[in-house]
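# Summary of the model geometry
Single-letter residue listing:
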Amino acid sequence: MGAVLREVSRTELLASVEAAFRALPERYLGAEPGFDSTIHLRLGDVGHTWEIRCGAETARVRRGVTRREPDVTISTDAATWLRLREGELSGLEAFRRRLLSVRGNLDHAVGFEGLFRLPGGRPPLVHVYDVPVGRHRVSTLTMGQGPDVLLIHGLGGTRASLFETAADLSPRYRVHAIDLPGFGSSSKPATGAYNAEWFAGIVLGLLDELGISRTHIVGNSMGGRVAIEIGLQAPERVGALGLLCPGVAFVRRGLHPIVRLLRPEFGMLPHTFHRSLIASQFWAMFHDRDRIDPDLGDLMVEEFRRIYASRGARYAFLSSARNIYLEAPFGRGGFYPRLAGLKPPALFVWGSHDPLIPAAFGPHVRRWLPSAEQVVMDCGHVPQVERSEECNQLLLDFFARAEVTAPWNSAAVGRGQARAA
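Here is what the cut-offs are and how they apply
- Residues numbered from 1 in each chain as written.
- Predicted model: local features only at pLDDT ≥ 70, side-chain atom pairs only at ≥ 80, totals over all residues.
- Heavy atoms only, no water.
- Salt bridge = Lys/Arg side-chain N within 4 Å of Asp/Glu carboxyl O.
- Helix = DSSP H or I, 4+ residues; strand = E, 2+ residues; numbered from the N terminus.
- Buried < 20%, exposed > 50% of the residue type's maximum accessible area, 1.4 Å probe, protein only.
- Pairing = 2+ DSSP bridges.
- Axes fitted to C-alpha atoms, helices over the stretch in contact; angles between N-to-C directions.
- Contact = heavy atoms within 4.5 Å.
- Phe/Tyr/Trp six-rings, centres within 6.5 Å; stacked < 30°, edge-to-face > 60°.
- Lys NZ or Arg CZ within 6 Å of the ring centre and 35° of its normal.

### A short note on the pattern of salt bridges
Enumeration over the complete set of coordinates arrives at 24 salt bridges. A salt bridge links Arg96 to Glu93; the shortest N-O distance between them is 2.8 Å. Residue Arg96 and its partner Glu93 are located together in helix α3 (residues 91-96), separated by three residues, close to a single helical turn. Note on Arg96: relative accessible area 21%, which makes it partly exposed. Given a relative accessible area of 16%, Glu93 falls into the buried group. Here Asp298 makes a salt bridge to Arg275, at a shortest N to O gap of 3.7 Å. Here the residue Asp298 occupies a position in helix α10 (residues 294-308), and Arg275 occupies one in helix α9 (residues 275-283), the gap between them amounting to 23 residues. One continuous salt-bridge network, built from bridges that share partners, spans Glu197, Arg225, Glu229, Glu327 and Arg338.

### Considering the sheet that holds strand β13 (residues 373-377)
As a general point, the strands of a sheet are linked pairwise by backbone hydrogen bonds and lie either parallel or antiparallel. Strand order in this open sheet of eight strands is β6-β7-β9-β8-β10-β11-β12-β13, and the pairing throughout is mixed. The sheet terminates laterally at β6 (126-133) and β13, the two strands that pair on one side only. With strand direction ignored, the average angle separating the axes of adjacent strands in the sheet is 20°. Where strand β8 (residues 148-152) and strand β10 (residues 215-220) come together, four bridges link them in parallel fashion. Looking at β10, one finds that Ile152 is bridged to Gly219. Docked against the sheet, helix α6 (residues 196-210) engages β6, β7 (136-143), β8, β9 (174-178) and β10, running at close to 115° with respect to β6.

### Points about unusual backbone geometry
The phi dihedral of Tyr194 is positive, around 55°, even though this residue is not glycine. Within the secondary structure, Tyr194 is located in the loop between β9 and α6. A positive phi angle, near 50°, is found at Cys245, a position not held by glycine. You can see Cys245 is positioned in the loop between β11 (238-244) and α8 (256-261).

### Some points on the packing of aromatic side chains
By the definition in use, this model includes 24 aromatic pairs. Ring geometry for Phe21 and Trp50: centres 4.3 Å apart, planes at 10°, overall stacked. A residue pair is termed long-range when its members are at least 10 positions apart, and Phe21 in helix α1 (residues 2-22) and Trp50 in strand β2 (residues 48-54) qualify at 29 residues. Residue class for Trp50 comes out buried when judged on its relative accessible area of 1%. Ring centres of Phe304 and Tyr308 lie 5.3 Å apart, and the angle between their planes is 15°; this geometry places the pair in the stacked category. In this pair, Phe304 and Tyr308 both sit in helix α10, four residues apart, roughly one turn of the helix. For Tyr308, a relative accessible area of 4% translates into the label buried. Here the aromatic cluster, defined as three or more aromatic residues joined through ring pairs, consists of Phe183, Tyr194, Trp198, Phe199 and Tyr315. A cation over a ring is seen here: Arg98 above Phe95, with NZ or CZ 5.5 Å from the ring centre.

Without other data, these values stay purely geometric and don't point to any function.
Structure, rendered in structure tokens:
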């Protein structure tokens, strides 16, 4: 009798799964002209894989796979897939909870969810789209409802390093995780300055395009330096700054003459880094490596290799790294004297074992910006990944305190509201 009931239950489950897949074409929202993405969605507990091929206007679904090489393979279970399609769970939350795994192009995996309406005509929980900002194109992920929070990644990274932060903040905020120009899926101009001022100007233009008058900002590493620059240039646009191991100016720059001579234009020449070197540099950013899912690490290493294969990405990486190192710490126009004029509330989170931006920078920040809150966490350079729950709770608490001190409403208007929907 028990075997019969289990078989009936499995039959009903498979029928529900099949119905969810059959509904995808009619719920397809479309994509940009020329878009072509093949996704293999593997449900291990029912033992089947579905192939979804998405074009500019249509999506085709079949049970089983063709010989076409997929852009990404997503593996999960039937119950999680049904919850995703009902809008009970976002893909980022499922990824954070390790309910699904990804192999291949991570952007295609994340963007897949946003290509389809939910039942009842509801918009997807996660939406990935390109925003034109002048001559540039900024790839943006939006999820959640409420006041706006902007997430900015670090050097050599993408918004993927802030996925867990986006998932944790989205129940209270409308979160926008971006790829800076030169990185991830954003445009990679060969004429970009790739310094903090240049990035800040583009991000402010992005806020204009989205109709966002004011936002909290979270930035890791180089993204933290960009966030500070936005706060300096346009304090009225910033609610509060969550700065995770931010790329503040180096006080000692012994290699300054050599670095100045190195030209980022060499990035235009075809070259690559051996996978083992990329992997060693990736893992060196963490203090307690056991806290990082090895599969996630492999995915991030492959993402860097895929993106760095682009000539524009190589130029952006080398140019950005050079500019970070060469920024003057003191003197007229130096970073720290300018930091003294930062008006938005700021939380600096340092890693106790950060090999790149150590917590020893804290006293310099305290001297020039005594009003800033500072916290040292037991981690490396990427606290939002290594200590995600603790770090994201720090951010939530800090933003809540800032909102009590200076209440504001960041609801977007016009095009921003339409894009986020």
